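In case you want the letters, here they are:
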Amino acid sequence: MSRLIRKLLLLLLVCGPMAASTAQELSGDDMRSLDGQVQEIKSDVLNIASELNNLEERLLYPSNTQIAVFVSIAAAEEFRLDAVQLEINGQLATHHIYSYQELEALQKGGVQRIYTGNVVTGDHELRVTMLGKLENGSDFTETDSFVFAKGVEPKALGVTLAGPAFGKSGIQIGDW
Amino acid sequence: MSQAPRPALWLLLTCCLATSPGLSDELKDLYFGEALYYAHQGDFFDALERLDTEVRQHDDVDEPELDTLYYHIDDAEFSLGDFELRYRMHHRAGRAITAVLEGAVDEIVRNDAAFRLARIHFQKNQLADAMRALERIDGKVPTSIRDDIEFLRANIHLAEGRPADAAGVLQGLLDSAGFGGFAAYNLGIAYLQDGQRQAALEQLERAGQIVTDDPAELAIRDKSNLVLGTLLIDAGDYDRAVPYLNRVRLDGPFSNQALLSSGWASMSAAKTDRAVVPWSILAEREVTDSATQEAMLALPYAYGKLDVHGRAAIFYGRALDSFSAEVDKLNASIDSIREGKFLQALIREEIRRDKDWVIRLRALPETPETYYLMELLATHDFQTGLQNYLDLADLQRKLLEWEAGFDSFEEMVAIRHAHYEPLLPDVDTMFRELDSRMRLRIEQHKMLVKRRDHMLTTPQPEFLATRDEQLILARLEHIEAQLQGSESPFAASSMLRVRRLKGLLTWTLETEYHARLTTFDRNLRALDDAMAIVQRQYDQYVRGRQAATHSYVGYEVPIKQLRAKVRNAVETIDRLMARQGHLLEFVAVEELIARRSRLENFGDKARFALADSYDRATQAQAKVDDRQ
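Every value quoted in this text rests on a predicted model; they were computed, and no experiment measured them.

Peer 1: If you had to explain the overall build of chain A to someone new, which residues and values would you point to?
Peer 2: Looking only at helices and strands, chain A features two helices and eight strands. What you see in chain A, going N to C, is helices and strands ordered as α-β-β-β-α-β-β-β-β-β. Residues counted as buried form 24% of the 176 residues belonging to chain A. Look at the contacts in chain A between residues 6 or more apart in sequence, and 65% of them connect residues 24 or more apart.

Here it is as structure tokens:
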């Protein structure tokens, strides 16, 4: 009896995976064929996305009025950025609260396009407020204002954020 | 064992983005940084869309060295390849990297590109191309990828069925900080594939004793011991197999299989009492695991061999109840999959936010099927199919959102059309009038500039005469003409007076010429500024006028075309999702049916063995009673 059970067990051990793998192999060919088609549609949708972004930009943000603001975190900064608020000429432009993933992406060198909008040519004021937490756990808020000139070409402004340091603003702005 | 290169593949994939730019160099292109921002969050669709557009725009500019992407173009093209791979677009991946490889780039950059290209070919299973790409590596190699290159080379040899070549490469990697553990294991497998059994056993023994605290290396150490133990069992060397199997950590991913094999090795060595220990541990573990299920049957079998039939009967009874409950669970799971609940659960976004979402599926009460699908979920083909299904679901969501936006676009264009169209004819009429006046002034300005430039080389004082002086001069010339040939007695004296007056005027014009020219030049320069302001306003108007037109003209066709493309893509995705979903469900159901069939067989044997154990227990008891 015991020998019979063991033989059956061994038989099942051998046959079980074999039966499963045959089904998997059969479907594997179909999976691979579908994979090629999925890659094609991904490529098509990427092209559509690119065309759509282009159309959207032309329609919503023509180059002579377009302004885009990008946010990055200075290298080797350890503070936790919680939120950023932008005001252009005293009007709230945008407010963003950061998730852990977004913060990590910024810390790894990513740059976030936080705002795209329209302003007329000429001088404007950008007011940036950041809220965050220092390594010691204390909260901080910092605000700084900058004047920028908008010409006929699209305007891109890069805001680089750093933790507060004595006598130095943690918000720096660069023109691109 | 044939999956030996898999850990390497996993490691290579995880290393991929770590080498992407962003931290090392100062970022000069915001749009490249934006692509990285999405990539670092695992959103490779948006990362690819942005970076692909940016690279294409860079390729189209006349003076690329003036473009900000110029400083990152190699990194950007590498990243494109990485993103395409990570978005599982293997067909496209490599295109950008090949461009780097064929360009006039630094030796280090070219070698890096060759490595990345080889890795892509390897992942596409294009082994000859992968090896050709590696052979292009020549000269200086970045230190950070030196071991990666050799490890990839060894894996290609293994996949090509050239274990001896792989072994040669792997030997050089045994002391590598990043690949030592993997190289040690793969070297053992290479020896085994090469028929060097003894060398394989010795190497796997070494791989099974590496000292490390890295989770991936600990896992590969466990795998080395498990493979070594299994090889010894196959060879009938049961006693030697047990210590290796016992080295496998109890909390590692290979623990269940090691406990099961350890029990069978002891049984085969006729040490039944020792088999009870690992099987007892295993029988208490997660009941859906196939090794556990086997142990639930093997444990009472061992007790039976030890003549402890009463205990054997109890354990057979437990196994029977458990198998029966699991068969019910499997039936429910098969029904659930057939009702489409499996796919519904997979595309739930809140689950997929967690990076271990596949594992977390087990915790969902409404998806019992996933209990039995862990092994299937881990297979490459199923993973590919599953990821494709999820990607298709994401694309479908995006496309439907875009489709909904077209109506807003059209409405926006219609509102602008209605606003501007009645205003523009009057504006254009006014503009035409202003435009002709401006052109006249521009021509006059040009003429004055030309005259000034001419006077700088050829002085012409009369050009700088005032209006009064011009009138006086004209009158004097008129009088002079009348006096010519006059017979009047005063003609001579009058002529003399006229010439004196003309001389006075000429004297003034000549002596004040430089001062007047300076004033003229100053005034002309002031006019230049005024003309520049006028020109700016003119240009601003023209741009404004163009912007007004561009805000509503020329959108009809692109919107229509995009709408059609989106619709077609949605239809294709619906079709592909249906096929992919059906395939996933089919494979999942097949897997569950196979597991159910196995459990039903186990149940039958348990039932038979239970009865047998009761008989034997009763007989044993009767014998004892007889003796008494």
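Peer 1: Residue-level account of the overall build of chain B, with values.
Peer 2: In terms of regular secondary structure, chain B is built from 26 helices and zero strands. Computed over the C-alpha atoms, the radius of gyration of chain B is 44 Å, more than 25% above the 25 Å expected from 2.2 N^0.38 for a compact globule of 628 residues. Referenced to the eigenvectors of the C-alpha coordinate spread, the extents of chain B come out at roughly 185 × 60 × 35 Å. Sorting the 628 residues of chain B into buried and exposed places 35% on the buried side. Across chain B, the fraction of contacts at a sequence separation of at least 24, relative to all contacts at a separation of at least 6, is 60%.

Peer 1: An account of the confidence of the model for chain A is needed here, citing residue identities and associated values.
Peer 2: All names here are of chain A. Of all residues in chain A, 82% attain a pLDDT of 70 or more, and the chain-wide mean is 83. Here helix α1 (residues 2–60) stands out as the least confident element of chain A, with mean pLDDT 67; strand β3 (residues 91–97) is the most confident, with 97. Note that residues 1–23 has pLDDT below 50 and, in this model, 21 contacts with residues that lie over four places away or in other chains.

Peer 1: Please give an account of the sheet that holds strand β1 (residues 66–73) of chain A that cites residues and values.
Peer 2: Residue and element names in this part refer to chain A. On the basis of which strands lie adjacent, the open sheet formed by four strands has the order β4-β1-β7-β8 and mixed pairing. Either end of the sheet is taken by a strand with one partner, and the two such strands are β4 (112–118) and β8 (171–175). Averaged over neighbouring strand pairs, the angle between their axes works out to 20 degrees when direction is ignored. In this structure, β1 lies alongside strand β7 (residues 155–161), joined through seven bridges in parallel fashion. If you follow A68 over to β7, its bridge partner there is A156.

Peer 1: Can you lay out the interface of chain B and chain A for me, pointing to particular residues and giving the numbers?
Peer 2: Each partner contributes residues to the interface: chain B has 64 residues there, and chain A has 55 residues. Mapped onto the side of chain B that touches chain A, the elements with two or more residues apiece are α2 (30–39), α3 (44–60), α16 (290–305), α22 (380–457), α25 (513–550) and α26 (556–627) of chain B. When residues of the side of chain B that touches chain A are assigned to their parent elements, the largest contribution, 21 residues, is made by α26 of chain B. When its residues are assigned to classes, the side of chain B that touches chain A shows 30 nonpolar, 18 polar and 16 charged.

Peer 1: Give a description of the packing of helix α8 (residues 146–159) of chain B against helix α9 (residues 163–171) of chain B that names residues and reports values.
Peer 2: Residue and element names in this part refer to chain B. Direction vectors running N to C along α8 and α9 enclose 165 degrees, while the axes themselves pass 7 Å from each other. Considered as vectors, α8 and α9 are oriented roughly antiparallel to each other. Between α8 and α9 lies a crossing whose hand is left-handed. Every residue of α9 that contacts α8 at E150, R153, A154, H157 and L158 is listed here: P163, D165, A166, V169 and L170.

Peer 1: Give me α16 of chain B: which residues, what numbers.
Peer 2: Residue pairs three or four apart in sequence face the same way in an α-helix, which turns once every 3.6 residues. All names here are of chain B. For α16, which comprises 16 residues, the first-to-last C-alpha distance of 23 Å matches the rise-based estimate of 22 Å (1.5 Å per residue) to within 8%. Within α16, 15 of the 16 residues are buried, leaving the element largely enclosed by the surrounding structure. Where α16 ends, the next residue or the one after it, D307, has phi of about 65 degrees, a positive value.

Peer 1: Talk me through the confidence of the model for chain B; I want residue IDs and the actual numbers.
Peer 2: Residue and element names in this part refer to chain B. Of all residues in chain B, 92% have pLDDT values of 70 or greater, and the mean over the chain is 86. Across chain B, helix α14 (residues 255–268) holds the top mean pLDDT of 95, while helix α1 (residues 6–16) sits lowest at 35. Low pLDDT (under 50) marks residues 1–24, which in the prediction has 35 contacts with non-local residues, meaning those over four places away or in another chain. The ipTM for the predicted assembly is 0.86, set against a pTM of 0.74.

Peer 1: An account of the packing of helix α7 (residues 127–135) of chain B against α8 of chain B is needed here, citing residue identities and associated values.
Peer 2: Any two packed helices are characterised by how steeply their axes cross, that is the angle between the axes, and by the distance between the axes. Residues and elements named next belong to chain B. The geometry of α7 relative to α8 is characterised by a closest axis approach of 10 Å and an angle of 150 degrees between their N-to-C directions. Considered as vectors, α7 and α8 are oriented roughly antiparallel to each other. Relative to α8, the crossing made by α7 is left-handed. Of the residues in α8, those touching α7 at L127, A130, M131 and L134 are I149, L152, R153, I156 and A159. Of the residues belonging to the contact of α7 with α8, the class tally is eight nonpolar, no polar and one charged.

Peer 1: Report on the environment of R500 of chain B, specifying residues and quantitative values.
Peer 2: Summarising the element assignment, R500 of chain B is placed in helix α24 (residues 491–511). Residue classification places R500 of chain B among the exposed positions, given that 10 C-beta atoms sit within 10 Å.

Peer 1: Can you break down unusual backbone geometry residue by residue, with the values?
Peer 2: Residue and element names in this part refer to chain B. Residues other than glycine seldom take positive phi values, yet A270 does so here, at roughly 60 degrees. Of note, A270 is situated in the loop between α14 and α15 (272–283). Classification of A270 by C-beta neighbours within 10 Å gives exposed; the count is 10. Positive phi outside glycine occurs at D307, with the angle close to 65 degrees. Of the residues examined, D307 has 13 C-beta atoms within 10 Å and is grouped as partly exposed.

Peer 1: Describe the pairing of β3 of chain A, listing the residues and the values that go with them.
Peer 2: Residues and elements named next belong to chain A. In the sheet, strand β2 (residues 80–88) pairs with β3 via six bridges, with the strands oriented antiparallel. Residue pairing for β3: E87 is matched across the bridge by L92. Here β2 folds back onto β3, and the loop between the two strands holds two residues, one of which, N89, carries a positive phi near 50 degrees.

Peer 1: Now, about α14 of chain B: what can you tell me, with residues and values included?
Peer 2: All names here are of chain B. Look at α14: 20 Å from first C-alpha to last across 14 residues, which is about the 20 Å you get at 1.5 Å a residue. By the criterion of burial, α14 is predominantly enclosed, with 12 of the 14 residues buried. Where α14 is concerned, the buried positions are N256, Q257, A258, L259, L260, S261, S262, G263, W264, A265, S266 and M267. Those residues of α14 that are buried lie in contact with α12 (215–234), α13 (238–247), α15 and α16. In the stretch just after α14, A270 is the one whose phi turns positive, near 60 degrees.

What counts and what doesn't
Residues numbered from 1 in each chain as written. Chains lettered and ligands numbered in written order. Predicted model: local features only at pLDDT ≥ 70, side-chain atom pairs only at ≥ 80, totals over all residues. Helix = DSSP H or I, 4+ residues; strand = E, 2+ residues; numbered from the N terminus. Buried ≥ 20, exposed ≤ 12 C-beta atoms within 10 Å, placed from the backbone. Contact = placed C-beta atoms within 7 Å. Rg over C-alpha atoms; globule rule 2.2 N^0.38 Å. pLDDT = per-residue confidence, 0-100. Pairing = 2+ DSSP bridges. Axes fitted to C-alpha atoms, helices over the stretch in contact; angles between N-to-C directions. Nonpolar A, V, L, I, M, F, W, Y, C, P; charged D, E, K, R; others polar. Parallel < 35°, antiparallel > 145°, perpendicular 65-115°, else oblique. Left-handed = near helix turned anticlockwise from the far one by under 90°. Expected span 1.5 Å × (residues − 1).

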